[in-house]
Each structure stands twice: as C-alpha cells, then as structure tokens.
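Letter by letter, the chains look like this.
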Amino acid sequence: MHLLDRLRASDGQAALTAAGELPDGDPLAAAAALRRRGVPPELAAAALTQVDLRRRAAAKFGADAARMFFTRTGLEQATRGVVAARRASRLAASGATLVADLGCGIGADALAFARAGLRVRAAESDPLTAAVAAANAAALGLAVDVVSGDAMEMPLDGCDAVFCDPARRSATGRRVFDPAAYAPPWTFVAGLPDRVPRTVLKVAPGLDDALVPRGAEAELVSVDGAVVEAALWCGPLAEVPRRASVRRAGAWSELTGTGLARAPVGPVRRFVYDPDGAVVRAHLVAEFATGVGGTLADPAIAYVYADAVRPTPFARCFEVLDALPFSVKRLRAVLRARGVGRVTIAKRGSAVDVERLRASLRLAGDGSATVVLTRVAGAPTALLCAPA
Ligand SMILES: C[S@@+](CC[C@H](N)C(=O)[O-])C[C@H]1O[C@@H](n2cnc3c(N)ncnc32)[C@H](O)[C@@H]1O
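Residues numbered from 1 in each chain as written. Predicted model: local features only at pLDDT ≥ 70, side-chain atom pairs only at ≥ 80, totals over all residues. Heavy atoms only, no water.

**Focus: the environment of R336**
Here's step 1: With respect to the element layout, R336 can be found in helix α13 (residues 328–337).
Here's step 2: The exposure class of R336 is partly exposed, given its relative accessible area of 42%.
Here's step 3: Expressed as a C-alpha distance, the spacing of R336 and L361, which sit 25 residues apart in the sequence, is 9.1 Å.
Here's step 4: Not counting chain neighbours up to four residues away, the residues in contact with R336 comprise L361 and R362. (Helix = DSSP H or I, 4+ residues; strand = E, 2+ residues; numbered from the N terminus. Buried < 20%, exposed > 50% of the residue type's maximum accessible area, 1.4 Å probe, protein only. Contact = heavy atoms within 4.5 Å.)

Printed below as a string of structure tokens:
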C-alpha cells in the first residue's frame, strides 16, 4: 500500500492526529515520540511531513489545509484558495457546466471548480500528485474526476470549459521562463481556446504580452500587495482587455481598462500614490490615475501624484514632505535635520541599490520616514514622505 493510502487509512489518520498534537519543533524528537506510541517509522515520517506541509498550507488554504494532503512541490505550485474560489465562481457564472483541468496538481483549482458547482474532469501526469488531488477531493467531500495521465491525451468532448495552469518549473525545481519548457508546453496550451472557446489559462505574473491569445482578457491578481498570478480569459470569457483584481483586508476590488491609455504628466504634487503591482502589470496606471485625479511626474514611471488623498484599494499613498534632486549627501543632510533614524525606501525608475544607500546614509535619531526614489521629468529625485 502506498504511504498516501496508509495515511488515509485509520492507523494513518491516528498517526496524523498524534503528529499534529506534537509541538512544532525538533523533527527527530517528534519521530521518536510517534514511534514510542507504536507508529511504524515510515508512517511516522510521512505523518510528520504531512503535518508540516499542512501547517505551511494554512496560509493558502485556511481551515481546509488541516484535512488536505500535499506534496512539497504541489503545495508550492498550488493556487491559493481565495484566488481559486474567485476564478471558479466567475467561470461558473459564465454558464460553464463541465470543466477540464489540464495538469491539476494537488487540485487547488479543481476543488474550487467543484465547490462552485461545476463538474470537473482533471488530468495530472505525476501519479502521486494525481492521487493527492483525488484524496483532497474525497477529504473535502467534493466530486472531482481525476485521471492520472497526460493531459495532452485527454479527450475534451462534452467539456464546455477548460482550465490549464502549466508547470513552470524544471524537474530539478528551477523556474523556467521559456514557454516551450512549460508542462504541458505552450504550443499545446495556446491551442486550447480553438478546441474549447471558454478557456482560462493561468500564467506567471510577469506576463509576456506575446502570450495573450488574440481577444483574450489578461487579469493580474494580487493578494495583500503581492502579485500572485495572471489569468488569461479566452473566447466568450473575455469581458475587457485588462483587469487588475486586488485583494486587501479580505475584500476584492477590480480595476479594468484597455491597458493602452496614457496618464497625463504634471509636476510633483502634495500626495504620491504607489499603485499595486497588479495595476502596474495590467497597464492600468492611467485608469488608476483618472480615478484619483492624478498625474505622473514622468511618463514612464508608475507613481501617481495628486493634490488630495482618496481612499483606494489600488495603491499606497504618501504625503510628499520634500522633493530633492537625488544625491546621497543631500538626502543624508535632510534626514539628519529631521532626526530620522529609520527609513523605508521605495523606488521606481531608480537604479540605486537600496541597502547600500541605507548603509551610506548612516542615520541616527528616533524619527522615521519613507524615501521614494524615482525620476521627475527624467531627473533622479528623492521624495521624503510620510504615510498619508
Ligand atoms: C502548476 S501545477 C498545477 C497547480 C494547480 N492548478 C493547483 O492550483 O493545485 C501544473 C501541474 O501540471 C502537471 N503536468 C505537467 N505536464 C502535464 C501533462 N502533460 N499532463 C498532465 N499533467 C501535467 C504537473 O505535474 C503539475 O502538477
């Protein structure tokens, strides 16, 4: 019996419970404690690994993590639960009924599709990962038909939607950037919308515009300030050319547009907004600037300046206390005069090495400030800022 099956059987469940009750610390002591309770060494090691992965997975899957099974790479590659759930409800709302998940990994997206009421046919080429996906569906009481095999061979008849999140890592775990090296390869992935028009593709957040199928919507997704993925909504699923979906403090907000608009350019003003990475990568800075009545200070740099603060989920905002042509000496003098000992440094459009700059400022004092390094009309500039 494979270790995964043993973990799912009653003695495995008991081992998982016992492992979960041990303090999170010395793995050798934990293995010894399980063996003293009569758990065979192999099962003890597997239970401890699962408990460790479940603890890590809680950040992605919340309470579900405690019932799920993981492989290390499967967890790393998995879509976080809130992102998968949002995608699944949009796909379900499109009228799709049967979705094929081609390369389902440990099943994060497949599970979300099932939870959203879709029927799911999933394929996974790695047999253990496929077994983990099936075990996760069973553990969460969801119906997912998982096939262990090559997604490129899977018939799509009857499927009115397709989802594909190709692996972007080599066999040794290194990230791959060449789409030809994705698994399944991009040549296969890019052909999916022709076979099933309602296709959604998950791709790396460093979106390469050349990969966006004609007419598809490119959605950039961020969670708590970090851009986590891009999704390409093809065929009838495309609603707008570009969308930034931003999750902050547990709530989603969306900005949409063409991705082609240019924001007006003006001087440095009293407030500076630092747009969320999803907004920047979706090329929606102009739309964002319109929303806050802002302008850029350099046409190529995504800081947006405005005379007033408007609450927005799409950016952090700072009040500009001082703007000076960038020089370490000048910046040091200004910060010292204000008694600033702790400085947060943000930058766009500046090649300055932040840590070297911090060291060379040799600051002392109780005050704190944010320094924004950027360019204003092409000139390297330091903005001394406070949170707005
Ligand atoms: C990025 S992961 C999918 C993660 C999944 N969306 C999730 O959130 O859990 C891609 C998966 O595709 C699988 N894969 C790669 N090539 C495949 C192929 N030709 N057929 C089936 N699965 C494949 C890999 O083994 C990997 O588990």
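After presenting the structure, the write-up continues.
**Focus: the side chain of S245**
Here's step 1: Relative to the helices and strands, S245 is located in strand β8 (residues 242–248).
Here's step 2: Only 3.3 Å separates the side chain of S245 from the side chain of R86, close enough to count as a polar contact.
Here's step 3: The contacts of S245, once residues within four sequence positions are left out, are R86, E219, L220, V221, S222, W252, S253, E254 and A278. (Polar contact = N/O pair within 3.5 Å; in protein donor to acceptor, adjacent residues only side chain to side chain.)

**Digging into the packing of aromatic side chains**
Here's step 1: Applying the stated rule across the entire model yields 4 aromatic pairs.
Here's step 2: When the centroid spacing of 5.4 Å and the interplanar angle of 70° are considered together, the rings of F113 and F163 count as edge-to-face. Residue F113 is located in helix α7 (residues 108–115), and its partner F163 is located in strand β4 (residues 161–164); the two are separated by 50 residues in the primary sequence. Considered together, F113 and F163 belong to a single accessibility category, that of buried residues.
Here's step 3: Centre to centre, the rings of Y182 and W186 are 6.1 Å apart; their planes meet at 90°, and the pair counts as edge-to-face.
Here's step 4: Under the relative-accessibility criterion, Y182 is labelled buried at 7%.
Here's step 5: W186 gets classed as buried once you look at its relative accessible area, which sits at 10%.
Here's step 6: The ring of W233 has R90 sitting right over it, with the charged end atom 3.8 Å from the ring centre.
Here's step 7: The side chain of R348 reaches across the aromatic face of Y303, ending 5.4 Å from its centre. (Phe/Tyr/Trp six-rings, centres within 6.5 Å; stacked < 30°, edge-to-face > 60°. Lys NZ or Arg CZ within 6 Å of the ring centre and 35° of its normal.)

**Topic: the nonpolar core**
Here's step 1: Within the largest apolar cluster, 56 residues are counted, with the highest numbers of intra-cluster contacts made by L34, F61, F70, L91, V99, F113 and V144.
Here's step 2: Looking at which element gives the most residues to this core, the answer is helix α4 (residues 41–61), with 9 residues.
Here's step 3: Two domains share this core, each providing at least three of its residues, namely domain 1 (3–55) and domain 2 (75–239).
Here's step 4: Apart from residues lying up to four places away in sequence, F61 is in contact with M68, F70, L75, A78, T79, G81, I106 and A108.
Here's step 5: Counting 50 residues, the second largest nonpolar core, distinct from the first, contains M154, V189, A244 and Y273. (Core = buried A, V, L, I, M, F, W, Y, C linked by side-chain atoms within 4.5 Å. Domains from an automatic or database assignment.)

**Here's the deal with the site of the ligand**
Here's step 1: Near the ligand there are 20 residues, and of these T79, D109, E124, A151 and D165 occur at the shortest range.
Here's step 2: One nitrogen or oxygen atom from the side chain of D150 is found 2.9 Å from a nitrogen atom belonging to the ligand.
Here's step 3: Between P184 and the ligand, the recorded distance is 3.3 Å, taken from a backbone N or O atom to a nitrogen atom.
Here's step 4: Look at the ligand: alone it shows 600 Å² of surface, and the protein chains cover 91% of it.
Here's step 5: Counted by class, the shell around the ligand contains 9 nonpolar, 7 polar and 4 charged residues. (Near = heavy atom within 4 Å. Areas by Shrake-Rupley, 256 points an atom, 1.4 Å probe, with all protein chains shown as cover. Nonpolar A, V, L, I, M, F, W, Y, C, P; charged D, E, K, R; others polar.)

**As for the pairing of β8**
Here's step 1: Of all 7 residues in β8, 6 are buried; the element is thus mostly enclosed.
Here's step 2: Relative to strand β9 (residues 251–257), β8 is paired through 7 bridges, and the arrangement is antiparallel. Note that in β9 the partner of A244 across the bridge is L255.
Here's step 3: From the end of β8 to the start of β9, which pair antiparallel, there are 2 residues, and A249 there has a positive phi angle of about 50°. (Pairing = 2+ DSSP bridges.)

Remember, this is a structural readout, not a statement about activity or role.
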